[in-house]
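Fold and contact review
Residue strings, one per chain:
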Amino acid sequence: MDSILEMRGITKTFPGVKALDNVNLSVREGEIHALIGENGAGKSTLMKVLSGVYPHGTYEGEIRFRGQPCAFRGIADSEKLGIIIIHQELALVPLLSITENLFLGNEQAKRGRIDWVAATARARELLRMVGLTDSPETLITDIGVGKQQLVEIAKALSKQVKLLILDEPTASLNESDSDALLELLLRFKEQGISSILISHKLNEIAKVADRVTILRDGTTVETLDCHDAPISQDRIIKGMVGRDLADRYPRRTSNPGGILFEVKDWSADHPIHAGRRVVKDIDLHVRRGEVVGIAGLMGAGRTEFAMSLFGRSYGRNIRGQAFLDGREIDVSTISKAMGNGLAYATEDRKHYGLVLDNDIRHNVTLANLDGVAKRGVIHHEREIEVANDFRRRLRIRCADVFQQTVNLSGGNQQKVVLSKWLFADPKVLILDEPTRGIDVGAKYEIYTIVNQLVAEGRGVILISSELPELLGVADRIYVMNEGALVAEMPAAEASQEKIMHAIMSSASKATAARAAVAAAARESLQ
Amino acid sequence: MSAELNLPAAPPRQASMAKFLKSHMRDYGMLISLLAIVAFFQYMTNGTLLQPLNLTNLVLQNSYIVIMALGMLLVIVAGHIDLSVGSIVGFIGALAAILMVQFHWHFVPTAIVSLLAGAAIGAAQGYWVAYFRIPSFIVTLAGMLVFRGLSLALLAGQSVGPFPVEFQRLSSGFIPDIFGTEGFHTTTMVLCLATPAILIAFSVAARLRRHRFAIEQEPLVLFLLKSAGLFAVVAYVGWLLSTYKGLPNVLIIMALLIGIYAFVTRDTTIGRRIYALGGNEKAAKLSGIDTRRLSFYTFVNMGVLAALAGLIFAARLNTATPKAGVSFELDVIAACFIGGASASGGVGRVTGAVIGAFIMGVMNNGMSIVGIGIDWQQVIKGLVLLAAVCFDVYNKGKA
């Protein structure tokens, strides 16, 4: 079989980080090629190189499509050849109709005037090809995520797609929608359209993929052929996580004390989709001087749990109790939660963590202005001293504390966010993906800070998608999936394989449970 | 925490002149622009601009714009806008007129009721903005129509006046001269010498404190120049006013308010929180700041200041008319933006807004004396607004 796509020796560096290192990927004509790897392994970066988001010249290596070398300057170039990427976050305009979305930027027009009859007819045809029966006039906002995904695919079809790239297409779909989507990929395959499928769901991959390429830390680990021999999940997990952890985490003697913080029966619903439970009956505790990790895939509900806990800043219909030192505490507003010793450092520091236009000094004191003020009047010199103190202690690299935070690197921005919460002097600090998008050196420094925090007798809840990080830093790990805690293990006994198995088996249990309910429902109908 | 890093010696205490000027270009640029515009019109009007009579008029004409710009700055910094202030000026003027002229109220209870009414109007609008998240543009556009309509209704389309003399003094009165010198208002001169001296003493103290804490500050030369300039300008204005009728009452009110608002925005936790709210509402909220209540109170504050401006304006005209305050909101908003406030919130200073208001005021006054028609005045003012904001955006892009 000929290969439709060859990517050879792709290397892509960002300032301070090597995101891709000599990656090879080859996709055959008419196959479904799965691309898997942990969060941050480089899958999305590789696809951005392929689709021209990172134009030719910003990376090293060679791309050949149908034998021809390619030098894309932008997405338009790759789309012209029929390479279409569908991102996890759909690029549809909610308040326009299906037809309008299908031909956005590619309108069915003559001399600037849109031919709505032709457009609607063509839209209907495209929708039939992806198995959608909705009227093309329907607004995007009125159809579910699964159908929206299909509209994206129909849009790809309208552009004469040769190679379809799907980035975690089923992440937000339910079982039947996922199945429909996978069926569609198999049908495309019969018509000669190749696909690259990025997915975390190994059962899906086993179902449709012809070959699997595993990425890890920006390098290709291996490519497996699913037809040679059935591939076990163990095999894939090993490929995804098998790296050594030596010396990437500062040593610390863990010595947890009594229970400091406890959460009982915590639940929360989605803020918009009423009745959709996102956080389900969480029971969790943190000891004094303990780092508790929460593992889980993206969308497992970890951030939602943490934010609903921190002054109900997420969700609605929130129920449950929180205890500090055995006494129930009120966490119903953010200032009450803070007053009771909680702090939450967000995963999205740019949108939720920092006032980017303000300087380091103002950001550091924001959560505890009263700490540098007397009767509401700010003592400026004291404030500068505080900022300089954190600058030294956390080694924030900057010209001075009057530098705007927008100009800092990711790692230093994260340190400013941490400073802000350290200055608020919490008893329990929830860190949500504290090392996302920052380089290895800065990560090490963040881990050191975490160690110091617990050495002072505080409790830390560490939410992370990087399993090695959890294993290296946490004392105890909870595993979360689909809104519920599905496992708890001491870090010493945990391994990446164990955590992944806990997630997978809970997922397949949930699937099995759903199937059983559905079967029972069918039986009762007959 | 133990892991301390050896920093290179303490940071330089004084920034180099060039670097400091560059990072504070906007602040100095504003001041220099105002001085240049004053000088230009002083020349073009053959000295009429700075004649004591005209200078007094300039202050009186702009006082209500400056006062409202203080509140508008907070609203804009918080990330909102208030289009209703012109109509509130009209409505409060009408309300005060009805109370004093038809019901023969004393001016003190009238003023209190008027200010409370302003607070209530601000609260009514702020409630929808803060707690129902309705865009302030829409809420205050509605308020603009509602209160314009209500002032027409209150006055039944007529002008109501005149007012008691004590009330007129709010706007047209001057402070008494305790020295009682003939032909020269000594109290005014003393105040205009003492005030800048006290301000400079305070900033010297602040400099010394910053020095003790080894904190970078304005280069000494610039500080001296600025202080000398401030002293000279205030003393000169004081001398000019002393040769006429002295300090207008309204100038005292205005100066006090400017001082208070400059202090609140710069030195208090409330001020800092408003900037954080406008800079990144989500981050502010997650830092424990009650962003909704803060937004609400910026509108209440705006309502009170608009009511005060309404009283001053009515007192100045000595009559309440249904048209009072029309399009004031535009001058007030323009003053804030010329003064460096950002339309997306989080950025802006009280001194900037005040200077912005005076730039508009001096241009209005100067162009009128020179004989430029109202048509071209508007064109020029519009272009100045655009140029000032372009300058900001360009500066920001370069930084």
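Residue positions are given per chain, counting from 1 as you read along its sequence in written order. Each chain takes a letter, starting from A, and each ligand takes a number, starting from 1, following the order in which they are written. Owing to the predicted nature of the model, reporting of local features is limited to residues with pLDDT of at least 70; listing and counting of side-chain atom pairs is limited to 80 or more, with chain, interface and lining totals taken over all residues. Only hydrogens and water are set aside; all other atoms, that is, all heavy atoms of the structure, feed into the side-chain values.

The name that an unreviewed UniProt entry assigns to chain B is Xylose transport system permease protein XylH, with the source organism given as Azospirillum melinis. UniProt positions are given in the numbering used here, feature names are shortened, and annotations may be inferred rather than shown by experiment. According to the UniProt record, the Subcellular location (unreviewed entry) comment for chain B reads "Cell membrane". Comment text from UniProt for chain B, heading Function (unreviewed entry), reads "Part of the binding-protein-dependent transport system for D-xylose. Probably responsible for the translocation of the substrate across the membrane."

Per an unreviewed UniProt entry, chain A goes by the name ATP-binding cassette domain-containing protein and belongs to Azospirillum melinis.

A few words on the domain arrangement of chain A. In terms of domains, chain A is made up of domain 1 (3-241) and domain 2 (260-494). Domain segmentation is taken from an automatic or database assignment of domains. Spacing between the C-alpha centres of domain 1 of chain A and domain 2 of chain A amounts to 35 Å.

Residue and element names in this part refer to chain A. Over its 14 residues, helix α5 (residues 145-158) extends 20 Å from the first C-alpha to the last, a length consistent with the 20 Å expected when each residue adds 1.5 Å. Of all 14 residues in α5, 12 are buried; the element is thus mostly enclosed. Whether a residue is buried, partly exposed or exposed follows from its accessible area with a 1.4 Å probe, protein chains only, as a fraction of its type maximum: under 20%, in between, or over 50%, in that order. Only DSSP runs of H or I covering at least 4 residues are called helices, and only runs of E covering at least 2 are called strands; the numbering of each starts at the N terminus. Restricting attention to buried positions, one finds in α5 the residues G146, Q148, Q149, L150, V151, E152, I153, A154, K155, A156, L157 and S158. Check the buried side of α5 and you find it contacts β6 (83-86), α3 (98-102), α4 (116-129), β9 (163-167) and α6 (175-190). Each helix should span, by expectation, one fewer than its residue count multiplied by 1.5 Å. Whether two residues are in contact is decided by their heavy atoms: any pair within 4.5 Å suffices.

The next point concerns the domain arrangement of chain B. Residues and elements named next belong to chain B. Split by domain assignment, chain B resolves into domain 1 (48-173 + 270-398) and domain 2 (177-247). Contacts between the two partners involve 5 residues from domain 1, matched on the other side by 6 residues from domain 2. Both faces considered, domain 1 and domain 2 share a buried interface measuring about 540 Å² in area, 77% of it formed by carbon and sulfur atoms. As a working definition, buried area equals the accessible area (1.4 Å probe) given up by two parts on being put together, with both sides summed. Taken as a group, P52, L55 and T56 account for 65% of the area that domain 1 buries against domain 2, more than any other trio of residues on that side.

Let's shift gears to a nonpolar patch on the surface. Residues and elements named next belong to chain B. Here the term patch refers to residues with relative accessible area over 30% and no salt bridge, with like charges joined within 9 Å and nonpolar side chains (Val, Leu, Ile, Met, Phe, Trp, Tyr) within 5 Å. The Shrake-Rupley method, run with a 1.4 Å probe, gives the accessible areas here. Residue values count only the displayed protein chains as cover. Here, a salt bridge means any Lys or Arg side-chain nitrogen found within 4 Å of an Asp or Glu carboxyl oxygen. A contiguous nonpolar patch, built from Y127, W128, Y131, F132, I134, F137, I138 and L141 and spanning about 760 Å² of accessible area, is present on the exposed surface. Those elements giving two or more residues to the nonpolar patch turn out to be α5 (107-131) and α6 (136-155). Note on placement: L141 falls in helix α6.

Leave glycine aside and you will find that most residues have negative phi; peptide bonds, for their part, are mostly trans. Residues and elements named next belong to chain B. In this structure, the amide linkage connecting G161 to the following residue, P162, adopts the cis form with an omega of -10°. Examined against the element boundaries, P162 turns out to sit in the loop between α6 and α7 (165-172). Positioned with a positive phi, S327 is a non-glycine residue whose angle comes to about 65°. Within the secondary structure, S327 is located in the loop between α13 (291-317) and α14 (328-338).

On to the interface of chain B and chain A. Between chain B and chain A, the residue contacts involve 32 residues of the former and 40 residues of the latter. Summed over both sides, the interface of chain B with chain A buries roughly 3,300 Å², with 60% coming from carbon and sulfur. Across the chain B-chain A interface, the total number found is 2 salt bridges. Of the charged contacts, one joins E383 of chain A and R272 of chain B as a salt bridge, the two residues approaching to 2.5 Å between their closest N and O atoms. Distance and chemistry together define a polar contact, namely a pair of N or O atoms within 3.5 Å, with one atom able to donate a hydrogen and the other to accept it when in protein, and with adjacent residues in sequence counting only for side-chain atoms on both sides. Where chain B packs against chain A, one counts 11 residue pairs in polar contact (both at pLDDT 80 or more). Of all the secondary-structure elements, those providing two or more residues to the side of chain B that touches chain A are α8 (186-212), α10 (249-267), α11 (269-279) and α12 (281-286) of chain B. Grouping the constituent residues of the side of chain B that touches chain A by class yields 14 nonpolar, 7 polar and 11 charged. Each residue is assigned to one class: nonpolar for Ala, Val, Leu, Ile, Met, Phe, Trp, Tyr, Cys and Pro, charged for Asp, Glu, Lys and Arg, and polar for all the others, Gly among them.

Before going further, it helps to examine the pattern of salt bridges. All names here are of chain A. According to the stated counting rule, one finds 29 salt bridges over all chains in the structure shown. Residues K336 and D330 are paired through a salt bridge, measuring 3.4 Å at the closest nitrogen-oxygen approach. Exposure remark for K336: the relative accessible area of 39% places this residue in the partly exposed category. E445 is the partner of R397 in a salt bridge, and the nearest nitrogen-oxygen pair spans 3.0 Å. A residue pair is termed long-range when its members are at least 10 positions apart, and R397 in the loop between α13 (380-393) and α14 (410-423) and E445 in helix α15 (residues 440-455) qualify at 48 residues. Put simply, E6, R8, E62 and R64 are held in one network by salt bridges that share partners.

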